[in-house]
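Breakdown of the fold
Spelled out from the first residue to the last, the chains are:
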Amino acid sequence: MATAAQHIPVAPADIANTVIDPKAYAEWDSLLDTFEMLRNDMPVVRIENDELHDPFWLVTRYDDVMRISKDNKTFLNNPRGVVFGIKAGDAMIREITGGSPHLVNSLVALDAPIHPKYRRLTQEWFMPKNLKQMEAEIGELAVKTVDRLLAAGGEGDFVPLVSAPYPLHVVMQILGVPEEDEQRMLFLTQQMFGGQDEDLSKSGMADMSPEQITQLVVGAVADFEAYFAKLTEEKRANPTDDVASVIANARVDGEYLSDRDMAGYYIIVASAGHDTTSASTAGAMMALAKDPEQFARLKADRDLLPGIVEEAIRWTSPVQHFMRTAAEDVEVGGQKIAKGDWLMINYVSANHDERVFENPRQFDASRSPNRHLAFGAGAHQCLGLHLARLEMRILFNELLDRIETVELAGEPKRANSSFVGGLKTLPLRFSAS
Ligand code: HEM
């Protein structure tokens, strides 16, 4: 815990509420105002707002977030959780898991020396060289997705038509989950991770008692494990070139992974791979719909595409934070942090730090360099970053081929979420090429 001897900057209650409240993340501009103020006045600040949440240090500057991300010895993903939530949720998870703050045993739940052993298993599979073999399949999914958009007849909501289903199909394909099981997988993920936005959470948890929620979550984890145990058998008998075959046949210290570890691996790929890419895809489309000139330039010159994709990922920062635990007493941004303290590294804020990005709120596809932190950094840097970029490039190439003009047809709305967030509706009017 922090000692009383040092001066501890504590955020005023309204600022603390903004940082904690999922609804504040739907009000993007005022959220960015808050982070700007914090970066300037209190770049490492204590958030201690109420009895429902454990206190933590909020880190908002790019350099500090980068340093913490890269120092995986001092800043660990244990023993506290890696996603900020209420104390009761943490207690529920620890009860389910027998003491771990992580519901599933996935890469983000692990530290060295185990983490690199597990990460190495699929690292190669996610590299651009290997992903090349997926391009044709992803291309087919992109064609089908744009078919669905055009079938809407000139007006429609881009999120349910395009940006939500497309990345989900891609991750399910790489996991070897057949299309008829996709909805079940989506439902199980939602049951496991709840969901802070009532429009998006189909889990029906709102009216449940804590005991009922615990039961539901335990059931969802068991269902997942059973589903993937069966898939594993198939992939051991008949391995294919998907990532599920790599996981099913992987060995650590000479042993196959346990059912729980394997499920953790499948679950992190399934869950990390869709809402995130969905949010950056919708964000890119919104930026283009608001800027017809940029859209026309891009249509004519596809060399601009990688820049658009990268800027969309920075500008949207779909993963808004992760948490770390200090392994020892340490200083961050001139502030003393005590061993055991909990820290939030905020990617939205880091990616809008004016010390690094000129006009950070502007969507600028020609931004160069664009060394954003939306994929994190260090040992846990996003495993799927090349896949996310590839998916977006393939989809936008298809969209640009087949759409002549596009504009907003209503007010886009963001989801209430302090963890993975982005647009939940993007009404568009468009004409086919
Ligand atoms: C725009 C899309 C995406 C964004 C913004 C994003 C962002 C992130 C971030 C911030 C982290 C944590 C980094 C850290 O702790 O330093 C992460 C980890 C991870 N991501 Fe992504 N991600 C995206 C897409 C994907 C996709 C498509 C996949 C796979 C299908 C994926 C799989 C993972 C995995 C497995 C980890 C855990 C890595 C580890 O702990 O070693 N992500 N991602």
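Our subject is the structure that appears above.
Only a predicted model underlies this, so the values are computations on that prediction, with no experimental measurement involved. (Residues numbered from 1 in each chain as written. Predicted model: local features only at pLDDT ≥ 70, side-chain atom pairs only at ≥ 80, totals over all residues.)

Every one of the 29 residues lining the ligand counts as a neighbour, but Gly273, Gly376, His380, Cys382 and Gly384 are closest to it. Put simply, the parts of the chain that give the shell around the ligand at least two residues each are helix H13 (259–272), helix H14 (275–289) and helix H18 (385–402). Within the shell around the ligand, the residues separate by chemical class into 18 nonpolar, 10 polar and one charged. (Near = placed C-beta within 6 Å. Helix = DSSP H or I, 4+ residues; strand = E, 2+ residues; numbered from the N terminus. Nonpolar A, V, L, I, M, F, W, Y, C, P; charged D, E, K, R; others polar.)

Residues of strand E2 (residues 56–59) alternate between two faces, with Phe56 and Leu58 on one and Trp57 and Val59 on the opposite face, all of them buried. Direction of pairing for strand E1 (residues 44–47) relative to E2: antiparallel, over a ladder of four bridges. Counterpart to Arg46 in the pairing with E2 is Trp57. Where E2 meets strand E10 (residues 342–346), three bridges bridge the pair, whose relative direction is parallel. Note on E10: the bridge partner recorded for Leu58 is Met344. (Buried ≥ 20, exposed ≤ 12 C-beta atoms within 10 Å, placed from the backbone. Pairing = 2+ DSSP bridges.)

A separate point is the packing of helix H16 (residues 305–316) against H18. Interhelical geometry of H16 versus H18 gives an angle of 125 degrees and a closest axis separation of 10 Å. The orientation of H16 relative to H18 falls into the category oblique. Judged by the twist between their axes, the crossing of H16 over H18 is right-handed. For the pair formed by H16 and H18, the contact residues are Leu305, Pro306, Ile308 and Val309 on the first element and Arg389, Met392, Arg393, Phe396 and Asn397 on the second. When grouped by side-chain class, the residues that make up the contact of H16 with H18 number six nonpolar, one polar and two charged. (Axes fitted to C-alpha atoms, helices over the stretch in contact; angles between N-to-C directions. Parallel < 35°, antiparallel > 145°, perpendicular 65-115°, else oblique. Left-handed = near helix turned anticlockwise from the far one by under 90°. Contact = placed C-beta atoms within 7 Å.)

One way to put it is that helix H4 (residues 87–97) packs onto helix H11 (residues 210–237) with a least axis distance of 11 Å and a crossing angle of 50 degrees. By the angle between their axes, H4 is oblique relative to H11. Our pair here, H4 against H11, has a crossing hand that is right-handed. Note on element contacts: H11 touches H4 through Pro210, Ile213, Thr214, Val217 and Val218, opposite Ala88, Met92, Glu95 and Ile96.

The residue Asn370 is located in the loop between helix H17 (347–350) and H18 in this model. Classification of Asn370 as partly exposed rests on a count of 19 C-beta atoms within 10 Å. Taking the C-alpha atoms as reference points, Asn370 and Glu311, 59 residues apart in sequence, are found 7.3 Å from one another. Sequence-distant contacts of Asn370, defined by excluding residues within four places in its chain, comprise Glu310, Glu311 and Arg314.

This part covers the pairing of strand E14 (residues 427–432). In this structure, strand E4 (residues 155–157) lies alongside E14, joined through three bridges in antiparallel fashion. Looking at the pairing, Gly156 lines up with Leu428 of E14. Note: strand E11 (residues 403–408) against E14, five bridges, orientation antiparallel. Residue pairing for E14: Thr405 is matched across the bridge by Ser431.

Quick reminder: α-helices carry 3.6 residues per turn. Residues three or four places apart thus point the same way. Look at H14: 21 Å from first C-alpha to last across 15 residues, which is about the 21 Å you get at 1.5 Å a residue. For H14, the buried fraction is high: 15 of the 15 residues fall into the buried class. (Expected span 1.5 Å × (residues − 1).)

Spatially, five strands are ordered E1-E2-E10-E7-E3 in an open sheet, and the strand pairing comes out mixed. Each of the sheet's edge strands pairs with one partner strand only, and the pair in question is E1 and strand E3 (75–76). In the sheet, E3 pairs with strand E7 (residues 321–326) via two bridges, with the strands oriented antiparallel. From the neighbouring strand, Phe75 faces E7, where its bridge partner is Ala326.

One open sheet holds the three strands; their spatial order is E4-E14-E11, and the pairing between them is antiparallel. The open sheet terminates on both sides in strands that have one partner only, identified here as E4 and E11. Each strand axis lies, on average, 30 degrees off the axis of its neighbour in the sheet, ignoring direction.

Another aspect to go through is the nonpolar core. By size, the foremost hydrophobic cluster in this structure holds 111 residues, and its most contacted members are Leu58, Val59, Leu175, Tyr266, Ala284, Leu343 and Met344. Beyond its immediate stretch of four places on either side in the chain, Leu175 contacts Asp242, Val243, Ala244, Tyr266, Val269 and Ala270. In this structure, Ala109, Leu110, Tyr118 and Leu383 belong to the second largest nonpolar core, which totals five residues. (Core = buried A, V, L, I, M, F, W, Y, C linked by C-beta atoms within 7 Å.)

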